[in-house]
Structure formats: C-alpha cells, structure tokens
Amino acid sequence: CWVCLVLFCVGCVWLFFGIHEKSFVTFICASELNMLISSILLKKGRITKTVMTKLEIRSLKYKIYFTVFNMTSFAIAGYCFLRHNAYCESGGLYKI
C-alpha cells in the first residue's frame, strides 16, 4: 500500500502538508471502497447459486453494519474538520 508508506514517511510537516493531506484522503477513500466492494462481492459475487450459510449471513450482516458505522464516523470527522478550519481563530481561548 503505497499510500500508507507516503503517510508514514512524509508525516504532517508544513512543508509536505499537501502531499500528506492528499495521501490521507486517498487512503480513507481506498479503505471505504474496499469495505464496500467486499460487502457487495460477499453478497452478489458468488459463482454458484448456492444458499449462504448462517455464518456467511452473519458475516455479511456485520460487514454491512461496520461499513455503515465506518462511513458515518468518517463523515462526522470530515464535518468536524471542515467546521474547525472554517471557524477556528488564531490564539483560541487559552493563551500559551
């Protein structure tokens, strides 16, 4: 995973902030897409038209729950990040 390597090597230094930011967004999008595709393949990607076992049904249910939870978490984190950047004032409440 080259994006993880870039995130690890570059870090969040002001000089490389643009690279770090784009790598992080790429990593998040790729992980969400991976969860979505694996959920779809587990449900519809079967070669034979056999009935899913109870374990497969439970696995699919958990995968869908965790995918929705993960996407919701990232959406809330993205909203908080954008709101923080829009309304954050320099200095803040506490002067150090």
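In case you missed it, the structure is sitting above this.
Let me begin by describing the structure that accompanies this report. On a predicted model such as this, the values are computed, not experimentally measured, just so you know. (Residues numbered from 1 in each chain as written. Predicted model: local features only at pLDDT ≥ 70, side-chain atom pairs only at ≥ 80, totals over all residues. Heavy atoms only, no water.)

1. Side note on the overall build of the chain
- A count of helices and strands for the chain gives 3 helices and 0 strands.
- Listing every helix and strand of the chain by position from the N terminus yields α-α-α.
- Looking at the 96 residues of the chain, the share that counts as buried comes to 14%.
- Sequence separation of at least 24 residues holds for 38% of the intrachain contacts in the chain that already meet a minimum separation of 6.
- With an accessible surface of roughly 8400 Å², the chain has 72% of that area assigned to carbon and sulfur atoms. (Helix = DSSP H or I, 4+ residues; strand = E, 2+ residues; numbered from the N terminus. Buried < 20%, exposed > 50% of the residue type's maximum accessible area, 1.4 Å probe, protein only. Contact = heavy atoms within 4.5 Å. Areas by Shrake-Rupley, 256 points an atom, 1.4 Å probe, with all protein chains shown as cover.)

2. Let's talk about the side chain of N70
- Topologically, N70 is positioned in helix α3 (residues 54-87).
- Side-chain polar atoms of N70 contact the side chain of E32, separated by 3.1 Å.
- Discounting residues that sit within four places of it in the chain, N70 has contacts with E32 and M35. (Polar contact = N/O pair within 3.5 Å; in protein donor to acceptor, adjacent residues only side chain to side chain.)

3. Regarding the environment of N34
- Structurally, the position occupied by N34 is in helix α2 (residues 17-44).
- Along the sequence, N34 and T67 sit 33 residues apart, while their C-alpha atoms lie 9.8 Å from each other.

4. So, the side chain of E32
- Along the polypeptide, E32 turns up in helix α2.
- It is K63 that comes nearest to the buried, bridge-free E32 among opposite-charge side chains, at 11 Å. (Lys, Arg positive; Asp, Glu negative; His and termini not counted. Salt bridge = Lys/Arg side-chain N within 4 Å of Asp/Glu carboxyl O.)

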